[in-house]
Amino acid sequence: MDLWPLYPGNDYAALGCLFGVRNWPGWEPIAAGRGLPEDVSDAVRTEYEKTARLGEAIHGSTWVSWPELRDLDMTVTPRARGVLEVSPRPHGPRWQYRVDDQWPDDVVTAYGRPPLGSSPIDAPYGTWQQEATSFEYRQLSRQDVLGPGTGWEHVVAVMRALAHRFGEDGVRLVAWFD
């Protein structure tokens, strides 16, 4: 079945965590670059080939099994020191920036240095408000990008139900990207 009815977003933090695609946080991906499974169904192979013919940008076919997803350590964090989320207005879009050893230049230019300190190396995680803009500096974990409230809980629930019906080794998520 298609993933989109269960998970319609393109949260690249999650896709980076799972498949290494647009992996801006620096995850050690779970299932990157495996290609299509040799025993993939005819329907999936046909859909992939049809999609690949439509555009040269199609790449990164891979897959992850139900047991791999079921057994994930959800406390794992990416290489990034943290993530800075910037919300320019209430209920508006949220921009996420990877934070390593310095604050993102775009954020410093637009808003000045965060009040948490001149460097994120010793800065505590926290939130603050600057006029109508909200900021949150926090550590990211698999739980944050794949856990409840992310949309992936629906994918996991369906995969769990399929595993109960068809056996754990008979369920996997096959993906490709543009």
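Residues numbered from 1 in each chain as written. Predicted model: local features only at pLDDT ≥ 70, side-chain atom pairs only at ≥ 80, totals over all residues. Heavy atoms only, no water.

K.L.:
Teacher, can you tell me more about the overall build of the chain here?
P.N.:
Tallying secondary structure elements over the chain gives six helices and six strands in all. Listing every helix and strand of the chain by position from the N terminus yields α-α-β-α-β-β-α-β-β-α-α-β. Seen through its C-alpha atoms, the chain measures out along the principal axes to roughly 55 × 35 × 30 Å. Looking at the 178 residues of the chain, the share that counts as buried comes to 37%. When contacts within the chain are restricted to residue pairs at least 6 apart in sequence, those whose partners lie at least 24 apart make up 60%. Between the centroid of the 17 positive side chains of the chain and the centroid of its 25 negative side chains there is a distance of 2 Å. (Helix = DSSP H or I, 4+ residues; strand = E, 2+ residues; numbered from the N terminus. Buried < 20%, exposed > 50% of the residue type's maximum accessible area, 1.4 Å probe, protein only. Contact = heavy atoms within 4.5 Å. Lys, Arg positive; Asp, Glu negative; His and termini not counted. Charge placed at Lys NZ, Arg CZ, Asp CG, Glu CD.)

K.L.:
Explain the environment of His154 here, please?
P.N.:
Note that His154 resides in helix 6 (residues 152–166). For His154, a relative accessible area of 41% puts it in the partly exposed group. A C-alpha to C-alpha distance of 36 Å links His154 and Gln102, two positions 52 residues apart in sequence.

K.L.:
Please explain the packing of aromatic side chains as it appears in this structure.
P.N.:
Centre-to-centre distance and the angle between the planes together describe a pair of aromatic rings. The final tally for this structure, using the stated rule, is seven aromatic pairs. Ring centres 5.0 Å apart and planes at 75 degrees place the aromatic pair Tyr48 and Trp176 in the edge-to-face group. Note that Tyr48 is positioned in helix 2 (residues 42–54) and Trp176 in strand 6 (residues 172–177), a separation of 128 residues in sequence. On the accessibility criterion, Tyr48 (17% relative accessible area) is buried. Assessed through its relative accessible area of 21%, Trp176 is described here as partly exposed. Ring centres of Tyr111 and Phe135 lie 5.0 Å apart, and the angle between their planes is 85 degrees; on these two criteria the pair is classed as edge-to-face. Here Tyr111 is found in helix 4 (residues 105–111), whereas its partner Phe135 is found in strand 5 (residues 133–138), with 24 residues between them in sequence. In textbook terms, an aromatic cluster arises when at least three aromatic residues are bridged by ring pairs, as seen for Trp103, Tyr125 and Tyr137. When the ring centre of Trp63 is taken as origin, the NZ or CZ atom of Arg34, which lies over that ring, is 4.7 Å away. (Phe/Tyr/Trp six-rings, centres within 6.5 Å; stacked < 30°, edge-to-face > 60°. Lys NZ or Arg CZ within 6 Å of the ring centre and 35° of its normal.)

K.L.:
What is the right way to read the pattern of salt bridges from this model?
P.N.:
Side chains carrying opposite charge are able to pair once their charged atoms draw close together. With the rule as written, the count across this model stands at twelve salt bridges. The partner of Arg79 in a salt bridge is Glu28, and the shortest N-O contact between them spans 4.0 Å. In this pair, Arg79 is assigned in the loop between helix 3 (66–70) and strand 2 (82–87) and Glu28 in the loop between helix 1 (12–19) and helix 2, connecting sequence segments 51 residues apart. Taking relative accessible area as the criterion, Arg79 reaches 57% and is therefore assigned exposed. (Salt bridge = Lys/Arg side-chain N within 4 Å of Asp/Glu carboxyl O.)

K.L.:
Got a minute to help me understand the environment of Gly126 in this structure?
P.N.:
Among the structural elements, Gly126 can be located in strand 4 (residues 126–130). Sequence separation between Gly126 and Val76 is 50 residues; the distance between their C-alpha atoms is 20 Å.

K.L.:
How should I be thinking about the nonpolar core in this particular structure?
P.N.:
In globular proteins that are soluble, nonpolar side chains generally tend to be buried together. By size, the foremost hydrophobic cluster in this structure holds 28 residues, and its most contacted members are Phe19, Val145, Leu146 and Trp152. With six residues, the single largest contributor to this core is helix 1. Grouped together as the second largest cluster of nonpolar side chains are nine residues, Leu84, Trp103, Val107 and Phe135 included. (Core = buried A, V, L, I, M, F, W, Y, C linked by side-chain atoms within 4.5 Å.)

In short, the description is geometric, and any link to function would need to be established separately.
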